[in-house]
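So the chains spell out like this:
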Amino acid sequence: MTGLGVAEVTGEFSAEFAPLVHLFEELHQSGIDSGAEVCVYVDGVQRAHLLSGGRAPEALQNVRSVSKAILSVLVHSLYQRGVVDIDAPMSDVWPEFGEGGKRELSLRLLLSHQAGLVGVDRRLSVQDVLKWDPAVDALARQRPYWEPGTDHGYHDLTFGWGVGEYLRRATGLSVGHLVRRELGLPLGLDLWIGIDPTVVERIIPFRQVDAQASRTAADVVNLLEDRTSLFYRSQMNPNVSGIENTYPYLRAEVPGCNAVTNARSLARLFAATMTHVDGVRLWDARTLREAGRLRMRRPDRVFGRERAYATGFMLPDPNLPQAGLEVDSFGHYGQDCSLVFAVPERGLAFAYTSTQLNSRLDQYARFDHRATRLAAAVVESVSSDKS
């Protein structure tokens, strides 16, 4: 690795990404970030890879809800090959799922957060989540909270349970096995849902930083506005924040939020949805176009704010702009720790991961803006390079 003039940061990059490097350095100098990694691919080639000082290139971490983007890349890859049918009723391969008025509910509606299954009425323990069967059985019996397809709301843990069990029924393999076979091994990625014991020593735990003092008056107002939505959400999903750094949690398959990987692997994965990466391309042009197509944009029933969803991916919105509101991108945020997205028209794949948490998952469910600021610098650099 090449030193960049700041002890906290190392990396390699091509010249047009100097603004990204300066911002990455600034975030570290100010204490806003540490334990972080950024990777950028353009047209299937790695063009920038930055690391916080002390973070080894082979380090891994939990990326929270970026896990949903990984699952979605997998689903579209299988759909393209005819292994699964996104638009057919999920109950065709998972009969029990048809209970509670869900007989015709499709995988596409679940992937786009339109299924009305934002939680389950049954009170699940953390152990139920780790065991898998109690969680997916509760989801199978759950009646939607609204008529599927008429509205959307963020499906937090239920996204992973639903997609994971559907894929298990359709293929006979667990979602963790599929992620390794279909994505990790072909592309040489450090990527797991349900870690292999051999990689435990490479995992960096989250480090909580108290950001209370840095909250603005606007933040406090936004928190108060969110209170009803957060209460609504918390009653229906077990809180796993207290066990995120533990081996039992990372060893289990909690597909909506416990993927273990790094920025280099995430950027490489998303690059391979657009073009060949060392001979491997995951999607054809039609799949790429359809995967990122808007399915619904309106206030999210869980967050109470505008959200835009494609089939399995977040699209830019005023609160979570990804590559920018004027840029056609698709990807996903992982709260306070990660972001990945692709910009097909520019051949750009961007990924950011960090183990420094500046807000508490269980108390203050707002994203900080490190990832968004870095993303803006990357998009500007690529725009300048291709102009």
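Conventions and cut-offs
Residues numbered from 1 in each chain as written. Predicted model: local features only at pLDDT ≥ 70, side-chain atom pairs only at ≥ 80, totals over all residues. Heavy atoms only, no water. Helix = DSSP H or I, 4+ residues; strand = E, 2+ residues; numbered from the N terminus. Buried < 20%, exposed > 50% of the residue type's maximum accessible area, 1.4 Å probe, protein only. Contact = heavy atoms within 4.5 Å. Phe/Tyr/Trp six-rings, centres within 6.5 Å; stacked < 30°, edge-to-face > 60°. Expected span 1.5 Å × (residues − 1). pLDDT = per-residue confidence, 0-100. Core = buried A, V, L, I, M, F, W, Y, C linked by side-chain atoms within 4.5 Å.

**What about unusual backbone geometry?**
Although it is not a glycine, Trp132 sits at a positive phi angle of roughly 80 degrees. Note on placement: Trp132 falls in the loop between helix H4 (126–131) and helix H5 (133–141). Residue class for Trp132 comes out buried when judged on its relative accessible area of 12%.

**A few points about the environment of Pro134**
Following the sequence through the fold, Pro134 ends up in helix H5. With relative accessibility at 16%, the residue Pro134 sits in the buried group. Taking C-alpha positions, Pro134 is 7.8 Å from Leu124, a pair spaced 10 residues apart along the chain. Those residues in contact with Pro134, other than ones at most four positions away along the chain, are Arg122, Leu124 and Asp128.

**Some thoughts on the packing of aromatic side chains**
This model, assessed by the stated rule, comprises eight aromatic pairs. Considering the side-chain rings of Phe270 and Phe313, the 6.1 Å spacing of their centres and the 85 degrees angle between planes classify their relative orientation as edge-to-face. Of the two residues, Phe270 sits in helix H10 (residues 263–271) while Phe313 sits in the loop between strand E10 (306–309) and strand E11 (314–315), which places them 43 residues apart along the sequence. Note on accessibility: Phe270 and Phe313 belong to one class, buried. Ring geometry for Phe313 versus Phe330: centroids 5.0 Å apart, planes at 65 degrees, classification edge-to-face. You can see Phe313 sitting in the loop between E10 and E11 and its partner Phe330 sitting in strand E12 (residues 330–334), a full 17 residues away along the chain.

**What about H10?**
Summarising burial for H10: eight of the nine residues are buried, a large majority. Turning to H10, its buried residues are Ala263, Ser265, Leu266, Ala267, Arg268, Leu269, Phe270 and Ala271.

**Details of helix H1 (residues 18–29)**
The terminal C-alpha atoms of H1 lie 16 Å apart, and with 12 residues this matches the ideal 16 Å at 1.5 Å per residue to within 8%. For H1, every residue scored as buried is listed here: Leu20, Val21, Leu23, Phe24, Glu25, Leu27 and His28. In the segment just after H1, Gly31 is the residue with positive phi, at about 85 degrees.

**What to know about the confidence of the model for the protein**
Taken as a whole, the protein shows an average pLDDT of 90; of its residues, 88% reach a score of 70 or greater. Between residues 212–234, whose pLDDT stays under 50, and residues either more than four places distant or in other chains, the model counts 29 contacts.

**With respect to the nonpolar core**
Grouped together as the largest cluster of nonpolar side chains are 82 residues, with contacts concentrated most on Leu107, Trp161, Val163, Leu167, Leu269, Phe270 and Phe313. For this core, the leading source of residues is helix H2 (residues 66–80), giving eight residues. Those residues within four positions of Phe313 in sequence are excluded, and the remaining contacts are Ala69, Ser72, Val73, His76, Phe270, Trp283, Ala291, Ala308, Phe330 and Gly331. Residues Val42, Tyr154, Tyr333 and Phe341 belong to the second largest nonpolar core, which totals 37 residues.

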